[in-house]
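Summary of the model geometry
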Amino acid sequence: MKDSDKLFTQQLLEKDRQYVWHPYSRVNSDMPLFPVASAKGCYLNLHSGEKLFDGMSSWWSTIHGYNHPRLNQALHQQIDTMSHVMFGGLTHQPAVDLAVRLTQLTPAGLDKVFLCDSGSVAVEVALKMAIQYWNSQGQQRSHFLTIKNGYHGDTFGAMSVCDPVTGMHQLFSGFLQENIFAEAPQCGFEQTWDDSFFENFLHKAQAHKDSIAAVILEPIVQGTGGMRFYSPNFLKKVRQLCDDYGILLIADEIATGFGRAGKLFACEYADISPDIMCLGKALTGGYMSMAATLCNSTVANIISQGEAGVFMHGPTFMANPLACSVANASITLLLENNWQQQVMNISRWLKEGLSTCEDFKCVNNVRVLGAIGVVELHQPVDMKKIQPLFVKHGIWLRPFGKLIYTMPPFISTQDDITMLTSKIEAVLRECYS
Ligand code: PMP
């Protein structure tokens, strides 16, 4: 690196440490921080000159890679037309096009779309919809039933349905609505089903059925709460139970949506349709923050006919035209690109490449579903030690707890994934032998 570049990087980092707060971090943190100069395709270019393969897709979002000409073009075109207008009393084509497409792509019956700011807000919107649904029918139902190891975001409503222990929000427990937590599904994705796996959930539902507004869960893949993959039969049973008791089902597909878990939406594994579905992350191809909460007509109509007669939510940047236009371009690209083949290939390459990690003493379990690969260790990783090692080996991963995991961009090639998995192995060797 040239001296001038070195100085620039050093000054940037100094200012960062002085003024900027990063996610889940303290100020003046001594954790390593890597300034990114640009990004293209699957790669991040650091100011220090290193080029890193991004195994995180910027937290599940950049499915088509960075700086994609088609997504860039959609944004350029939109910015020259209209960057933003309020959505109260006004509408525009990018939003209408997006709503139409989302209703066509998602499981049957989800035909009303509420566009909002971020994944956490989409969850807040879903919880509010469920509360208003009951309120409109003269019932005060304010509890949610969920499963342990879940993660739904960082805002207060969302925090109240995150796993109380692994959900990172223990600190706020005294301030959160108390909800009902069933055991996390114990039946792995491909494991043979037995109804005993559903007993705990059934028991909790029975015990509280008159106060539950909705069940909320991440279908098939529990992400940040443990990277667990569970049986579609569990989800089928939940749908059936909600139908039997007249409880709403909210599927949080913020992480799984748009192909990541091997189906366009993970609910498809169980062939079910939720009453409310949350989408985010990959919705805009990772370009901008936007999310969507979809619901069926029953939910929408009951809310609209209730005493309030309106749904009580309306963010300033709702349906931002830039975000809508890039989301539309991202969905077009996804469908054109034969995402199913891309995800299937990545799945196979991850399985092949990560299998050798099972031989390490420090490794407890290796699992792959869709374009998600997980290496679970026996002990939590030492971030200060492992993060710079990944960078040294030319890959970007951000483990948490005992989990080293990857969800690479769908455009990754076999060479990319082979390189990624061999580097994970190399880092494990360097760190743990
Ligand atoms: N739900 C799930 C399943 C998530 O994985 C996340 C983010 N990790 C969220 C909700 C919150 O989304 P956001 O970070 O955009 O608020």
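The shown structure was predicted, so the numbers you read here are calculated from the model rather than taken from an experiment.

Criteria and cut-off values
- Residues numbered from 1 in each chain as written.
- Predicted model: local features only at pLDDT ≥ 70, side-chain atom pairs only at ≥ 80, totals over all residues.
- Heavy atoms only, no water.
- Pairing = 2+ DSSP bridges.
- Helix = DSSP H or I, 4+ residues; strand = E, 2+ residues; numbered from the N terminus.
- Axes fitted to C-alpha atoms, helices over the stretch in contact; angles between N-to-C directions.
- Contact = heavy atoms within 4.5 Å.
- Salt bridge = Lys/Arg side-chain N within 4 Å of Asp/Glu carboxyl O.
- Expected span 1.5 Å × (residues − 1).
- Buried < 20%, exposed > 50% of the residue type's maximum accessible area, 1.4 Å probe, protein only.
- Domains from an automatic or database assignment.
- Buried area = accessible area lost by both parts, 1.4 Å probe.
- Polar contact = N/O pair within 3.5 Å; in protein donor to acceptor, adjacent residues only side chain to side chain.
- Near = heavy atom within 4 Å.
- Areas by Shrake-Rupley, 256 points an atom, 1.4 Å probe, with all protein chains shown as cover.
- Nonpolar A, V, L, I, M, F, W, Y, C, P; charged D, E, K, R; others polar.

Moving on to the sheet that holds strand E13 (residues 363–369). Spatially, E13-E14-E16 is the arrangement adopted by the three strands of the open sheet, whose pairing is antiparallel. A strand with exactly one partner marks an edge of an open sheet, and here the two such strands are E13 and strand E16 (403–406). Adjacent strand axes in the sheet meet at a mean angle of 10°, parallel and antiparallel pairs treated alike. Alignment of E13 against strand E14 (residues 372–377), held across six bridges, turns out to be antiparallel. In the strand pairing of E14, Leu369 is matched with Ile372. Here helix H11 (residues 339–354) sits on the sheet in contact with E13, E14 and E16, set at roughly 165° to E13.

Under the definition given, this model contains nine salt bridges. With a closest N to O distance of 3.4 Å, Asp195 and Lys237 form a salt bridge. Remark: Lys237 occurs in helix H8 (residues 232–245) and Asp195 occurs in the loop between strand E6 (180–182) and helix H7 (199–208); sequence separation between them is 42 residues. The partner of Glu376 in a salt bridge is Arg367, with the nearest N and O atoms 2.7 Å apart. Sharing partners across several salt bridges, the network here consists of Arg239, Asp243 and Asp275.

With 14 residues, H8 should reach 20 Å at 1.5 Å per residue; the first-to-last C-alpha distance of 20 Å fits that figure. All buried positions along H8 are accounted for by Pro232, Phe234, Leu235, Val238, Arg239, Leu241 and Cys242. Immediately downstream of H8, the backbone of Gly246 shows phi near 70°, a positive value.

Turning our eyes to something else, we now look at the domain arrangement of the protein chain. Once the domains are mapped, the protein chain shows domain 1 (34–64 + 338–432) and domain 2 (72–336). In this structure, domain 1 and domain 2 have C-alpha centres spaced 27 Å apart. Across the contact, 23 residues belong to domain 1 and 27 residues belong to domain 2. When the two sides are added together, the surface that domain 1 and domain 2 hide from each other amounts to roughly 2200 Å², 69% of it contributed by carbon and sulfur. Three residues stand out in domain 1 for area buried against domain 2, namely Trp60, Trp339 and Leu369, and they jointly supply 37% of the buried area on that side. Where domain 1 meets domain 2, there are zero salt bridges. Our count for the contact surface shared by domain 1 and domain 2 stands at 10 residue pairs in polar contact (both at pLDDT 80 or more).

Turning our eyes to something else, we now look at the site of the ligand. Taken together, the neighbourhood of the ligand is formed by Ser118, Gly119, Ser120, Tyr151, His152, Gly153, Glu218, Thr224, Asp252, Ile254, Ala255 and Lys281. At a separation of 2.6 Å, an oxygen atom of the ligand approaches a polar side-chain atom of Ser120. One nitrogen or oxygen atom from the side chain of Asp252 is found 2.7 Å from a nitrogen atom belonging to the ligand. Within the complex, the protein chains bury 80% of what would otherwise be the 400 Å² of accessible surface of the ligand. When the residues that make up the shell around the ligand are grouped by side-chain class, the tally is three nonpolar, six polar and three charged.

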